[in-house]
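This is what each chain is made of:
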Amino acid sequence: MRQFFKMMFASALGVFLAGGFLILLSFSLLVSLISSTGTPSEYVPKNNAVFKLSLSGVISEVVGENPLDFLIGKNSYELSLNDILNSIRIAKENENIRGIYLEGGMLSAGSAHVDAIRRALTDFKESGKFVVAYGGTFTQAGYYLCSVADKIFLNPEGTVLLRGLSSETVFYKGLMDKIGVQMYVFKVGTHKGFPEKYMRTSLSEENRQQIESYQQVIWNNITQQIAESRGIRPENINLFADEGYAFAEAGKAIETGLVDELKYKTEVEQFILELSGQAGKKLETAGINKIKTIKEKQPVHKEKIAVLYAEGEIRPEDGSVYSSEQVISEKLVNELVKLKNNDDVKAVVLRVNSPGGSAYISDQIWHEVKQLKEIKPVVVSMGNVAASGGYYISCAANKIIAEPNTLTGSIGIFGLFPNASGLFNKIGVTTDVVKTNRFGDLGDISRPMREDEKALIQRYVEKGYETFLSRCAEGRGMTIQQIDRIAQGRVWTGEQALQNGLIDELGDIQTAIRSAAELAAVDTYSVMEVDTTKDFFKEIFDKGFAGIKNRMVKDILGKDFELFESLQNREFDMGILCRLPFEASTL
């Protein structure tokens with residue numbers, strides 16, 4: 001009888017597993033079919049068309065497509081900088097599109113990304129086409145973009161959230177003291193402030209000064225450009241922010257010259273309808289998803305300038321259920337090797353948007369950038385942030401180009417190692433170790449670290465800093481002493497980095513592409529973008545249905561997923577790191 005039940009159980013298990021496999025296979029085929037047939041057809045704009053750009057969500061460099069959007073609906077919280085810039089350019093060149101309608105919303109973006117979009121809108125206006133903006137709520141990023149418009153309309157009950165910049169750092173020392181965990185910190189660089197969250201309960205004076213410095217530079221740039229576009233003085237903008245007029249009646253925005261009129265959305269759309277010359281009674285618009293499908297008549301050339309995106313923290317790929325964010329891992333090395341061996345690629349633009357991370361992985365990428373540079377030119381284009389490890393992987397390039405408000409530098413290194421003996425004592429956990437050599441149990445979190453162990457790790461960190469300095473000095477054609485004076489973990493804006501020699505030029509990714517072509521001595525070329533976003537189907541087979549669940553959770557939570565994911569990634573704060581000392585603030 002026992003044998004009968006064993007056979008019955010084995011048969012049932014086999015049927016269950018086979019059924020699960022068939023379900024997974026069928027689901028994959030279904031999604032694959034939808035993905036292959038879901039490519040949108042080309043949008044052909046009618047005469048007097050209007051491009052409606054909704055400024056709501058979080059802007060990233062590139063955003064991967066999710067074939068499951070048809071099941072759970074697509075959130076608009078994640079916007080692609082690449083798509084926005086390309087759509088504005090297409091709209092400028094298409095003779096049927098009369099203008100752009102900017103609709104303000106809850107937009108969050110880094111200052112360098114916003115600068116790039118603002119320049120694209122300014123360039124669009126130079127074609128003679130109109131730009132009109134409307135919002136119920138303008139965030140600082142949204143208003144900064146909309147300030148280039150010919151007309152800015154605000155809802156009578158709306159608000160302009162110009163309040164100034166701020167940066168918040170969360171400190172864990174008090175919590176760790178309560179639970180009995182001590183963090184050993186080893187660092188080089190007086191401004192390398194990242195470990196402070198484990199050492200202190202507030203910012204050090206050096207860290208506070210560097211944050212104040214970069215914030216003031218960025219805010220001055222923002223207020224100056226808004227003032228020039230609106231024909232007002234920067235003092236008006238600071239008055240609006242200091243007096244808290246963001247929470248006053250909407251009329252204050254008119255008094256200070258920030259907006260032109262108070263109108264409801266239907267009134268604004270009627271205004272745009274007449275301005276565009278559309279014949280109907282209702283304004284017809286097309287969003288990014290339509291505009292980006294317009295086929296451009298551009299010749300295809302054999303010679304290519306490749307654009308490779310490096311976005312996110314520098315760390316190993318995370319195989320956990322809850323991680324789907326973009327990271328810079330050793331996979332980037334493989335992409336660099338492919339580009340090095342591709343004879344059609346004459347130069348490479350490495351687009352870096354990273355606060356740094358693993359010192360080891362940064363060095364692997366640096367090495368491959370250097371190897372690539374010996375074969376063909378490499379130009380780095382910096383996004384919102386290319387600091388610490390982000391600068392490490394950039395410094396070997398032939399040329400570095402950054403936005404004025406890019407955060408870069410932060411040349412420093414540190415190590416974090418926990419001592420949880422206090423926690424173990426509180427909960428009654430004990431350990432016992434058997435080892436063959438003196439340092440065999442180095443890193444054991446159940447006991448305090450010995451002085452000779454601390455000295456060993458500190459020397460290792462100092463060696464890493466010296467390596468970092470030498471990489472930068474070699475790449476920038478400077479001495480180690482010159483780099484050390486502007487290093488020490490100090491964060492600089494793009495403008496400041498140009499002055500101290502950490503970068504070569506201010507500009508956007510198009511500037512970098514043109515520069516790469518010049519260095520490669522090619523006049524005619526096509527731009528080849530290398531897609532480094534996570535592949536949906538690979539996630540399915542790598543992570544199974546857990547990966548699908550993760551993507552669904554991300555789409556449902558929207559922006560709140562960032563907080564959830566950041567808590568999952570705290571483990572990557574441990575070890576030897578070169579990382580920005582704070583989370584880069586958004587507008």
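This one's a predicted model, so the numbers in the text were calculated from it and none came from an experiment.

What counts, and where the lines are drawn
Residues numbered from 1 in each chain as written. Predicted model: local features only at pLDDT ≥ 70, side-chain atom pairs only at ≥ 80, totals over all residues. Heavy atoms only, no water. Helix = DSSP H or I, 4+ residues; strand = E, 2+ residues; numbered from the N terminus. Buried < 20%, exposed > 50% of the residue type's maximum accessible area, 1.4 Å probe, protein only. Areas by Shrake-Rupley, 256 points an atom, 1.4 Å probe, with all protein chains shown as cover. 1 Å grid on protein atoms, 1.4 Å probe; cavity = no way out; pocket = protein on both sides within 12 Å on 5 of 7 lines; lining within 4 Å. Points joined across faces, edges and corners; volume = space filled by probe spheres on them. Phe/Tyr/Trp six-rings, centres within 6.5 Å; stacked < 30°, edge-to-face > 60°. Lys NZ or Arg CZ within 6 Å of the ring centre and 35° of its normal. Contact = heavy atoms within 4.5 Å. Core = buried A, V, L, I, M, F, W, Y, C linked by side-chain atoms within 4.5 Å. Expected span 1.5 Å × (residues − 1). Polar contact = N/O pair within 3.5 Å; in protein donor to acceptor, adjacent residues only side chain to side chain. Salt bridge = Lys/Arg side-chain N within 4 Å of Asp/Glu carboxyl O.

Run through the overall build of the protein, naming residues and quoting values.
When helices and strands are counted, the protein shows 23 helices and 21 strands. Residue burial in the protein is summarised as follows: out of 587 residues, 51% are buried. Of the roughly 27,600 Å² that the protein leaves accessible, carbon and sulfur atoms contribute 53%.

With reference to specific residues and values, describe empty space enclosed by the protein.
By the definition in use, this model includes two cavities of 30 Å³ or more. Taken as a whole, the largest cavity holds about 50 Å³ of empty space. The volume enclosed by the second largest cavity comes to roughly 40 Å³. Lining of the second largest cavity is provided by Leu154, Gly158, Thr159, Val160, Phe240, Tyr245, Ala246, Ala248, Glu249, Ala250 and Ala253.

Give a detailed account of the packing of aromatic side chains, specifying residues and quantitative values.
How two aromatic rings sit relative to each other is set out by the distance from centre to centre and by the angle between their planes. Scanning all chains against the criterion turns up seven aromatic pairs. When the centroid spacing of 5.2 Å and the interplanar angle of 70° are considered together, the rings of Phe153 and Phe271 count as edge-to-face. Linking Phe153 in strand β5 (residues 151-160) with Phe271 in helix α11 (residues 265-276), this pair joins segments that are 118 residues apart in sequence. Under the relative-accessibility criterion, Phe153 is labelled buried at 0%. Of the residues examined, Phe271 reaches a relative accessible area of 28% and is grouped as partly exposed. The ring of Trp492 is capped by Arg490, whose NZ or CZ atom sits 4.5 Å from the centre of that ring.

Tell me about the side chain of Asn353, and name the residues and values.
Inspection of the secondary structure puts Asn353 in strand β12 (residues 345-354). Discounting residues that sit within four places of it in the chain, Asn353 has contacts with Glu61, His113, Ala310, Glu311, Gly312, Gly383, Asn384 and Val385.

Would you mind going over the nonpolar core in detail, with residue names and values included?
Ile88 and Val160 are the most contacted members of the largest nonpolar core, which has 65 residues in total. In terms of residues, this core owes the most to one element, helix α8 (residues 205-230), which gives seven residues. Not counting residues within four places of it along the chain, the set of residues in contact with Val160 comprises Phe138, Tyr143, Leu154, Phe240, Ala246, Ala253, Leu258 and Val259. Core analysis: the second largest hydrophobic core is formed by 54 residues, Ile314, Leu372, Val378 and Cys395 among them.

Lay out unusual backbone geometry with the relevant residues and their values.
Non-glycine residue Ser388 carries a positive phi angle of around 55°. Its place among the elements puts Ser388 in the loop between β14 (378-387) and α15 (389-392). A positive phi is found at Ala521, a non-glycine position, where the angle reads about 60°. Along the polypeptide, Ala521 turns up in the loop between α20 (509-520) and β20 (526-530).

Describe helix α14 (residues 359-373), and please don't skip the residues or the numbers.
With 15 residues, α14 extends 21 Å from end C-alpha to end C-alpha; this agrees with the ideal 21 Å at 1.5 Å per step. Inspection of α14 places Ala359, Ile361, Ser362, Asp363, Ile365, Trp366, Glu368, Val369 and Leu372 among the buried residues, and these make up the whole buried set. Sitting at the amino-terminal end of α14 is Ser358, which places a side-chain oxygen 3.3 Å from the backbone nitrogen of Tyr360.

Break down the pattern of salt bridges for me, with residues and values.
For side chains of opposite charge, pairing can occur when their charged atoms come near one another. This structure, assessed with the given rule, holds 26 salt bridges. When the shortest N-O distance is used, the salt bridge between Arg447 and Glu453 registers 2.7 Å. Take Arg447 and Glu453: they sit in the same class, and that class is buried. Note that Arg476 is salt-bridged to Asp504, the shortest N-O span being 2.9 Å. Within this pair, whereas Arg476 is found in helix α17 (residues 451-476), its partner Asp504 is found in the loop between α19 (494-500) and β19 (505-506), the two being separated by 28 residues in sequence.

Kindly report on α20, identifying the contributing residues and their values.
End to end, α20 covers 16 Å across 12 residues, agreeing with the expected 16 Å (1.5 Å per residue, within 8%). Where α20 is buried, its residues contact β9 (304-311), β12, β14, β15 (399-402), β19 and β20. Its side-chain oxygen placed 3.2 Å from the backbone nitrogen of Gln510, Asp508 serves as the N-cap of α20. With its phi angle positive at about 60°, Ala521 sits one or two positions after the end of α20.

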